[in-house]
Amino acid sequence: YNLQNEEIEGIHRFTDKGDFEDLAIVGDFVYILRSDGTLFYFNHKQYNGKVEQVMVPSNCMNIEGLFYDQQSKTILMACKDEPVNAKGNKRLIYNFSLGEKIKSEIAITINLNEINDFIEKKYVGLTRNKVFFNPSAIATHPITGEQYVLSADNRMLAIYHDSQLKDIYPLPSEIFYKPEGIDFTASGDLLISSEGIKKGELDGQILHFTNKSNR
């Protein structure tokens, strides 16, 4: 999809069925995440119909976010739900390097109690109920190196620096129906995609926020 022309420039069919959540571009290859942690990948510039797949080890059953970090040369993977056989107040972000055998490590542990304490102190009276922060997408800021994590549930954007929570921003429901995707341009402009209503009352959108330092 060309953002400038607002037109689809190409389509690649890579498999038949699956709950696909996110993708990452690494060189000429596109990596597509299925919610069970399986990556499908192929050369999108010279696509010959051949698709490879690999399972990324994790302690999660529902994974939604994928992002290639240019600085660390690793891929980040965000789990939407709590870890298997663990308390429900944590969400995990993994990172891993591409290779013959993928070994993933926990990069960020999102603590829901910490999220709620932060919101209560910064936004007094914003909510009376517990906020559930379930990651739907993740991206690394190309200039600051901070990780930006989206949650479609309760419409939140959290910022982490060196694996520590730095800030949280509520996203207005009149603009973000269901924020599911996030990315940056090389200059630091922020892109957030919001899913539409499947019955057609609201189209999906990509919102572009200009980095103030570029003005």
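Residue positions are given per chain, counting from 1 as you read along its sequence in written order. Only residues with pLDDT of at least 70 get local features here, since the model is predicted, and only at 80 or more are side-chain atom pairs given and counted; chain-wide, interface and lining totals rely on the full set of residues. The basis for the side-chain values is all heavy atoms of the structure; hydrogens and waters are excluded.

1. Quick look at unusual backbone geometry
Point 1. Phi is positive for Glu6, close to 55°, though the residue is something other than glycine.
Point 2. Secondary structure elements are taken from DSSP: a helix is a run of H or I of four residues or more, a strand is a run of E of two residues or more, and numbering for both begins at the N terminus. Among the structural elements, Glu6 can be located in the segment before β1 (20–26).
Point 3. In this model, Arg155 sits at a positive phi of 50°, which is unusual for a non-glycine residue.
Point 4. When you line up the elements, Arg155 lands in the loop between β10 (147–151) and β11 (156–161).
Point 5. Residue classification places Arg155 among the partly exposed positions, given a relative accessible area of 25%. For every residue, the accessible area (1.4 Å probe, protein chains only) is compared with the maximum for its type, and the residue is labelled buried under 20%, exposed over 50%, or partly exposed between those bounds.

2. Considerations on the pairing of strand β2 (residues 29–34)
Point 1. At least two bridges found by DSSP between two strands is the condition for calling them paired. By the bridge criterion, six bridges tie β1 to β2 in an arrangement that is antiparallel. For Phe20, the partnering residue across the bridge sits in β2 and is Arg34.
Point 2. Joining the antiparallel neighbours β1 and β2 is a turn of two residues, in which Gly27 adopts a positive phi near 65°.
Point 3. Relative to strand β3 (residues 38–43), β2 runs antiparallel, the two sharing five bridges. Counted as the bridge partner of Ile32 is Phe40 from β3.
Point 4. The turn joining β2 and β3, which pair antiparallel and follow one another in sequence, is formed by three residues; a positive phi near 95° is taken by Gly37.

Bear in mind that shape data such as this cannot, by itself, settle questions of function.
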